[in-house]
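An overview of the molecular structure
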Amino acid sequence: MKLVTLGIQHLLAMYAGAILVPLIIGKSLGFDSTQLTYLVSIDIMMCGIATLLQVVRGKFFGIGLPIVLGCTFTAVAPIIAIGKGYGLSAIYGSVIASGLIVVLIASFFGKLVRFFPPVVTGSVVTIIGITLIPVAINNMGGGQGAKDFGSAPNIALAFGTLITIVLIYRFTKGFARAISILIGLVLGTIAAIFMGKVDFTPVIDADFLQMVQPFYFGTPTFHWEPIVTMTLVALVSLVESTGSYFALSDICKQPVTEKDLARGYRSEGLASIIGGLFNSFPYTAFSQNVGLLQMTGVRTRNVIFVTGGFLVTLGFLPKVAALTTIIPTPVLGGAMIAMFGMVIAQGIKMLSTTINQSEGNSMIIACAIGMGLGVTVVPDIFKVLPDSVQILTSNGIVAGSVTAIVLNIIFNMIPWRREESKEELID
């Protein structure tokens, strides 16, 4: 019974983050309620499969740490851009291809990590949060193009949800704080029911059980531009996961070797391949579950096996997924402000350790975030370039990430440039 209780705790801690990604993507791409229900349920199931693949310790797959995986927020904006530019089939083709690339490079990705120091990953995480804020603001108003956009009830629901999350986070501790966003979503939806803004039709129409099927949204297609974009997303996610691996290694007193890391990377790649086949998304380690594990002090993998089992089971229950699709858009928007704001805060935290190390790092951060935000606000700045290139240049996350990587090489990895910087400081 204790294992079940702890497993449910981990499920609740990651649930809000897990369902927000398919809800944001599905609504942005115009999915109907049936499609959205399937997308949420398959995403939850794949979170469970990805988690189980990672918790086991095999010869080639599984890092063997008590870690929970969920869909990465890094992928949200690029997936929406690919879906609008190339169609749904290209999304899943790029997810499968990027997962295969991760599996192939897993053995030597540890050597590539030097291209992703905190100044790069911190910039990327900050850009991710910043570029997603407009989505949250639009949802707070009721959703882009909504007839009642910006109406008083929508604004009241959005800010009521956000204030609820803030108050719970401020005046509670431990597990309640860890699920503050989930509580905010539930209470906001309950308030919306009394305001007559919740339609239960998707829940009523949903089946009690479903069998998942590959290629639900069509056979994947492969285009090099989306594949490059999703591969970059995958590499950034691997760097994020690496931090979680080492954090768990320290908590569990279990040293992580280079071979362990390779198995962990392969599992994430394999999870993306399977996710793409079943029309889901790429996955990464969820840091909130690392924090929960540290808080409870229970470090056994059996708890995470239970969590993974619950997630897989929920994937066969479309009525549960349909419950998430009835959350009013303004309620989602209020929760997104907190969620994406926390992403920005995490990025700033990562940058705080590097910004004072050198003036070069300050310039890297300035240009990367400036480029990421600028391209997000004015996506057609590079419209003179070929259409096949614009999917890379018109995406703020990709533009900012590439800027950070290139400038880090120039400032911190080319020997002559590093030596010159030292001489300038001496002068």
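An unreviewed UniProt entry annotates the protein as Xanthine permease originating from Viridibacillus arvi. Per UniProt, the protein carries the Subcellular location (unreviewed entry) text "Cell membrane". UniProt annotates the protein under Sequence similarities (unreviewed entry) with the comment "Belongs to the nucleobase:cation symporter-2 (NCS2) (TC 2.A.40) family."

On to the nonpolar core. Counting 119 residues, the largest nonpolar core has Ile-44, Phe-73, Val-76, Leu-185, Phe-281, Tyr-283 and Phe-340 as its most contacted members. Excluding anything up to four places from it in sequence, Phe-340 contacts Ile-24, Phe-73, Gly-129, Leu-132, Ile-133 and Ala-136.

Bringing the environment of Gly-308 into the picture now. Among the structural elements, Gly-308 can be located in helix H14 (residues 301-314). Once the C-alpha coordinates of Gly-308 and Thr-51 are considered, the two residues, 257 residues apart in sequence, prove to be 5.8 Å apart. Discounting residues that sit within four places of it in the chain, Gly-308 has contacts with Gly-48 and Leu-52.

Turning to the packing of aromatic side chains, a few remarks are in order. Per the counting criterion, the structure on display carries eight aromatic pairs. Geometrically, the ring pair formed by Tyr-216 and Phe-217 is edge-to-face, given 4.8 Å between the ring centres and 85° between the ring planes. Look at Phe-217 and you get buried, because its relative accessible area is 13%. An aromatic cluster is defined as three or more aromatic residues linked by ring pairs; in this entry it consists of Phe-31, Tyr-38, Tyr-92, Tyr-216, Phe-217 and Phe-281. Note that Arg-170 overlies the ring of Phe-171, its terminal NZ or CZ placed 5.0 Å from the centroid. The ring of Tyr-169 carries the charged tip of Arg-177 above its face, separated from the ring centre by 4.5 Å.

Moving on to the pattern of salt bridges. Taken as a whole and judged by the stated rule, the model has three salt bridges. The salt bridge involving Asp-260 is made with Arg-57; its shortest N-O contact spans 3.4 Å. Placement of Asp-260 in helix H12 (residues 258-277) and of Arg-57 in the loop between helix H2 (33-55) and strand E1 (69-71) is noted, with a sequence separation of 203 residues between them. Under the relative-accessibility criterion, Arg-57 is labelled partly exposed at 42%.

Across all of its chains, the model carries one cavity of 30 Å³ or more by this definition. Quantified by volume, the largest cavity comes out at close to 60 Å³. As for the largest cavity, its lining consists of Val-102, Ala-234, Ser-237, Leu-238, Glu-268, Gly-269, Ser-272, Pro-282 and Tyr-283. If you list the elements that add at least two residues to the lining of the largest cavity, you get helix H11 (224-252) and H12. Looking at the lining of the largest cavity residue by residue, the class counts come to five nonpolar, three polar and one charged.

This next bit is on the side chain of Ser-180. Tracing the chain through its elements places Ser-180 in helix H9 (residues 180-194). With relative accessibility at 4%, the residue Ser-180 sits in the buried group. A polar atom in the side chain of Ser-180 sits 3.1 Å from the backbone oxygen of Arg-177. In this structure, Ser-180 is in contact with Ile-165, Ile-168 and Tyr-169, ignoring residues within four places of it in sequence.

Conventions adopted
Residues numbered from 1 in each chain as written. Predicted model: local features only at pLDDT ≥ 70, side-chain atom pairs only at ≥ 80, totals over all residues. Heavy atoms only, no water. UniProt positions renumbered as here; feature names shortened; annotations may be inferred. Core = buried A, V, L, I, M, F, W, Y, C linked by side-chain atoms within 4.5 Å. Buried < 20%, exposed > 50% of the residue type's maximum accessible area, 1.4 Å probe, protein only. Contact = heavy atoms within 4.5 Å. Helix = DSSP H or I, 4+ residues; strand = E, 2+ residues; numbered from the N terminus. Phe/Tyr/Trp six-rings, centres within 6.5 Å; stacked < 30°, edge-to-face > 60°. Lys NZ or Arg CZ within 6 Å of the ring centre and 35° of its normal. Salt bridge = Lys/Arg side-chain N within 4 Å of Asp/Glu carboxyl O. 1 Å grid on protein atoms, 1.4 Å probe; cavity = no way out; pocket = protein on both sides within 12 Å on 5 of 7 lines; lining within 4 Å. Points joined across faces, edges and corners; volume = space filled by probe spheres on them. Nonpolar A, V, L, I, M, F, W, Y, C, P; charged D, E, K, R; others polar. Polar contact = N/O pair within 3.5 Å; in protein donor to acceptor, adjacent residues only side chain to side chain.

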